[in-house]
Structures are given as structure tokens and as C-alpha cells.
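# Understanding the architecture of this molecule
Listed below are the residues making up each chain.
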Amino acid sequence: MNNYPSRNGASNLKLLSVVGARPQFVKLAPMCRAIEANNAQSDCVKIQHCVVHTGQHYEPQLAEIFFSQMRIPEPNYNLAVGSGSPGSQLGRMLERLDPVLSAEQPDWVLVYGDTNSTLAGSLLAARLKFSLAHVEAGCRSGDLSMPEEQNRILTDHLSQLLLAPSQLALQNLEREGFKLTEDPLGRRIVFAGDLSYDALLGNLPLAEMGAPRLLQELGLQGGQYYLLTLHRASNTDQLDNLRSIVEAVGLLDLPVVFPVHPRTRNVLTSANILLGNNIRSVPPLGYLQMLAIEKYACKILTDSGGVQKEAFYLGVPCVTLRKETEWPETVELGANRTTGANPCEIREAAESQYPRNWLDARPYGCGDTATRILHELIDRVPQAVLC
């Protein structure tokens, strides 16, 4: 066991989570539930959990609604950084997060995924010498031009605890020189699974209860529509890609429901890109509504890593509107196809049949990831007692 010093005594543990975007709010929820369950037991290490919301996603549909629907406690801090160029946004995060970490003195800083919020939390934790745990360590798309890929790699190399969501993620780390056993730098690299799966299992029954009304409101029939999501800069900032995707989707044989991300909405409007008659644009949906609309789609077309996994868990074929994916297990198991913005490939993938051989596969764990992560964090504190 690696014993990292606790600033709060052997029987108490202080965690600080840095989040700022929809996928991170989703992953935060099971961690909050696991911490509550831990603290309810009398003989356990008591955990104090401080949540810092950077404000990277600041519209209610992308932030506050997730906190309320998923019963996440109100953040202790909202840094309200908003949008902006990569440098200005990251600079505001670092400036506003610095005094928070210094004041809170956490035993562990937790960062989730691959956003600028993750990078800011990682850089400051390393600079201020706080132990850093990276949820989703080892994920790689192979495209170093992606900001998300840069953020993942930098965060992994700054972390003391690397929590991999799959065996392939562990292999990625090993190829990059990480030692999975007896790491000379005292780092711990471990398979933990995917927190998003925990969240989906815990919320799907509630989402299904609201599905009939939601489909009726949108004029949709289960299994008789496609779902489209678009937000990555590689698609929204490159107008040729955006036009190609919209053109291809506009020719599909069924209605397409399209919850429009604010970034995408602004680009569509400014570039005067018109949607096909079969595309029904709607405002961003809350987490429960997204699960419902995903579950009953015939196929999902997306450039989102989180939506790819949700499609996989729900048994819905996925078309990834990128040339690569950080979740290659979904492709290998036949649940997902990567097309980029090629119109012919998009239509072929969307209208073809997918053998559903992946339904019993569990590459990302069994839904107990939050508990696994919490035990790893507690296990690194001297004299801690596991629950």
C-alpha cells in the first residue's frame, strides 16, 4: 500500500472534486452516493467532499439541471469561468481555483475525464503538491491534435492514482511507460471501471418512467427515429465537416431528434446552415431525458464520448461522427462505427444492421466503480479502515 500523508488525520479524509462539463456531472453523482453510504456507517473513515464547479458549462440545461436531476449537492464553489479561447478559459480556471485548493487543503484532488477543467485541476494539484486521482486514466483516441487527448495525457502523467475504465486503458498506460506493478514513482495504476455505467444503472428506471410522455411531446415512436448530438470543435469549428454531417443526416430514412448544444447552435446560425426537414432540433436535454431518448432510438449519431458509452450500455447501435474514438472497445464489439464527417459513410453506417453481440460484454466494469474508487482513495491514507 502507498501511504500518502493525510492533512486531516487518520480517521478523516477530505476529497475535492473538480468538474465543469456534463459528462463530469454524470460521473460525480455516483461518487456522491458512495460517499454518503460510506459516512452512514459508524465504523468507517469519515469523508468530507468538496465540489468545485469551474463553470465551463454554464447554461442551466448543461449544468444546474444535472445537479438537480441527479441529486448532486450544490457545489461548494462555482468559479463561473464561462467560455472563451482555450488560453483565456484555462487561465481563469487556474487563477480562481488556486485559492480554493490552498484554503481547502484536500487529501485528494479528483479530476474526471478530459476537459479543460480536468487539466486546470491537475496542473494546480501538482504544483501545490496535493495528491491527484484521475478518473478515466489511460483513455486514448490516438489523435494528439485533439485538446481532449492532450488533457488526458498530461493529467495521467501528473497523477498519483490512475483509475482506468478498461483493460485497454491499462495497456495504453503500460505502452507509455507506466508500471502497473511496483511503480518506481509510487503511483498506483488500477482498473476501476466506468462511473458513467454506475450513473446509468442508478437512473435508468426513473428515465424510463418519463419516456412515454417525452416521446409523445416530441412526436416520436420508439425505435422509429435517430438521435443526433454534435459539439466537438473538430465538427463545429470546421464548417465543411458540419455541413457534410447535416447534409447526410438530412437524407436519412427516419426522423432525427437533435438536442442542439449551445456551441453548435451558434455556429449553425452564424454560418446559415439549414437543417433538413426530417431533423427536429430541440434545446439541450437533462440527463434523464437524454437517457430516455437514447434508449428508444433506432441508432445514435454523435461525436460525444459519453453518449457513445451510453449507447453501448443501452444496446443501441452508435455512429461516431469522428475518425477515432477513445472507447475502441465499443467498435471492436460491433456496437459502434467511426465515420468522421464523410456523408456516404454516415448514411451507410446509420442505415445498416448491427448484430447486437455486445449486450453481455462488460469491458467497463459491472456498475460498482464508485465504491472501487472510494476504497482506493481510503486505502492510500495511513491507518484507514475499509468499509
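Residues numbered from 1 in each chain as written. Predicted model: local features only at pLDDT ≥ 70, side-chain atom pairs only at ≥ 80, totals over all residues. Heavy atoms only, no water.

## Details of the overall build of the chain
What counts is decided by this rule: A run of DSSP states H or I qualifies as a helix once it reaches four residues; a run of E qualifies as a strand once it reaches two. Both are numbered from the N-terminal end. Each radius of gyration is computed over the set of C-alpha atoms, and the globule rule expresses the reference value as 2.2 Å times the number of residues to the power 0.38. Surface accessibility follows the Shrake-Rupley procedure with a 1.4 Å probe radius. Residue values consider only the protein chains on display as shielding. Charge assignment: positive for Lys and Arg, negative for Asp and Glu; neither His nor the chain ends contribute. By convention, the point assigned to a charge is CZ for Arg, NZ for Lys, CD for Glu and CG for Asp.
A count of helical and extended segments in the chain gives 15 helices and 13 strands. For 387 residues, the compact-globule estimate of 2.2 N^0.38 gives 21 Å, and the chain sits close to it at 21 Å. Each principal axis of the C-alpha distribution contributes one length, and for the chain these read about 60 × 45 × 40 Å. Split by element, the accessible area of the chain, about 15,900 Å² in all, is 51% carbon and sulfur. Charge centroids of the chain, computed over 34 positive and 41 negative side chains, lie 1 Å from each other.

## Comments concerning the pairing of strand β11 (residues 299-302)
Selection criterion: Relative accessible area decides the class of each residue, using a 1.4 Å probe on protein chains only: under 20% of the type maximum gives buried, over 50% gives exposed, and in between gives partly exposed. Being paired, for any two strands, means DSSP has found at least two bridges between them.
Of the two faces of β11, both are covered, the one formed by Lys299 and Leu301 as well as the one formed by Ile300 and Thr302. In terms of strand pairing, strand β8 (residues 226-229) meets β11 through four bridges, oriented parallel. Directly across from Leu228, in β11, lies its bridge partner Leu301. Alignment of β11 against strand β12 (residues 318-320), held across three bridges, turns out to be parallel.

## A few points about the packing of aromatic side chains
Rules: Working definition: a ring pair exists when centres of Phe, Tyr or Trp rings (six-membered ring for Trp) sit within 6.5 Å. Plane angles under 30 degrees give stacked, over 60 give edge-to-face, the rest tilted. We count a charge as sitting over a ring when the NZ of a lysine or the CZ of an arginine lies within 6 Å of the ring centre and within 35 degrees of the ring normal.
Evaluated as defined, the whole model comprises five aromatic pairs. With 5.9 Å between their ring centres and 75° between their planes, Phe312 and Tyr364 make a pair best called edge-to-face. With Phe312 in helix α12 (residues 305-314) and Tyr364 in the loop between α14 (343-351) and α15 (369-379), this pair connects stretches of sequence that are 52 residues apart. For the pair formed by Phe312 and Tyr364, the shared burial category is buried. Ring centres of Trp327 and Tyr364 lie 5.4 Å apart, and the angle between their planes is 90°; on these two criteria the pair is classed as edge-to-face. Highlighted residues: Trp327 in the loop between β12 and α13 (328-332) and Tyr364 in the loop between α14 and α15, separated in sequence by 37 residues. Pairwise contacts between aromatic rings join Tyr197, Phe312, Tyr313, Trp327 and Tyr364 into one cluster. Above the ring of Tyr296, the side-chain terminus of Lys295 is found at 5.7 Å from the ring centroid. Here the guanidinium or amino end of Arg337 rests over the ring plane of Tyr354, the centre of that ring lying 4.3 Å away.

## Notes on unusual backbone geometry
Glycine aside, negative phi is the norm for most residues, and most peptide bonds take the trans geometry. Here Lys129, not a glycine, exhibits a phi torsion of approximately 65°, which is positive. Along the chain, the position of Lys129 falls in the loop between α4 (116-127) and β5 (131-135). Even without being a glycine, Asn272 presents a positive backbone phi close to 55°. Inspection of the secondary structure assignment puts Asn272 in the loop between α10 (262-270) and β10 (279-282).

## Things to note about the environment of Tyr225
Using the following cut-off: Contacts are assigned to residue pairs that have any heavy atoms within 4.5 Å of one another. In protein, a polar contact requires one atom able to donate a hydrogen and another able to accept it; more generally it is a pair of N or O atoms within 3.5 Å, and residues adjacent in sequence count only if both atoms are side-chain atoms.
Along the chain, the position of Tyr225 falls in the loop between α7 (195-218) and β8. Tyr225 sits 30 residues away from Pro255 along the chain, and the two C-alpha atoms are 5.0 Å apart. The contacts of Tyr225, once residues within four sequence positions are left out, are Leu215, Leu220, Leu254, Pro255, Val257, Ala292, Ile293, Tyr296, Ala297, Cys298 and Lys299. From its side chain, Tyr225 meets the backbone oxygen of Tyr296 in a polar contact 3.4 Å long. A polar side-chain atom of Tyr225 sits 3.3 Å from the main-chain amide nitrogen of Ala297.

## Section: the sheet that holds strand β13 (residues 336-338)
Whenever strands of a sheet pair, they do so through backbone hydrogen bonds, lying parallel or antiparallel. What counts here: Geometry is summarised by axes, namely lines fitted to C-alpha atoms with helices restricted to the contacting stretch, and by angles between N-to-C directions that run from 0 to 180 degrees.
Pairing in this open sheet of six strands is parallel, and the strands run β10-β9-β8-β11-β12-β13 from one edge to the other. Each edge of the open sheet carries a strand with a single partner, namely β10 and β13. Between one strand axis and the next, the sheet turns by 20° as a mean value, whatever way the strands run. Two strands pair when backbone bridges link them, and strand β9 (residues 256-259) and β10 are joined in this way by four bridges, in the parallel orientation. Directly across from Phe258, in β10, lies its bridge partner Ser281.

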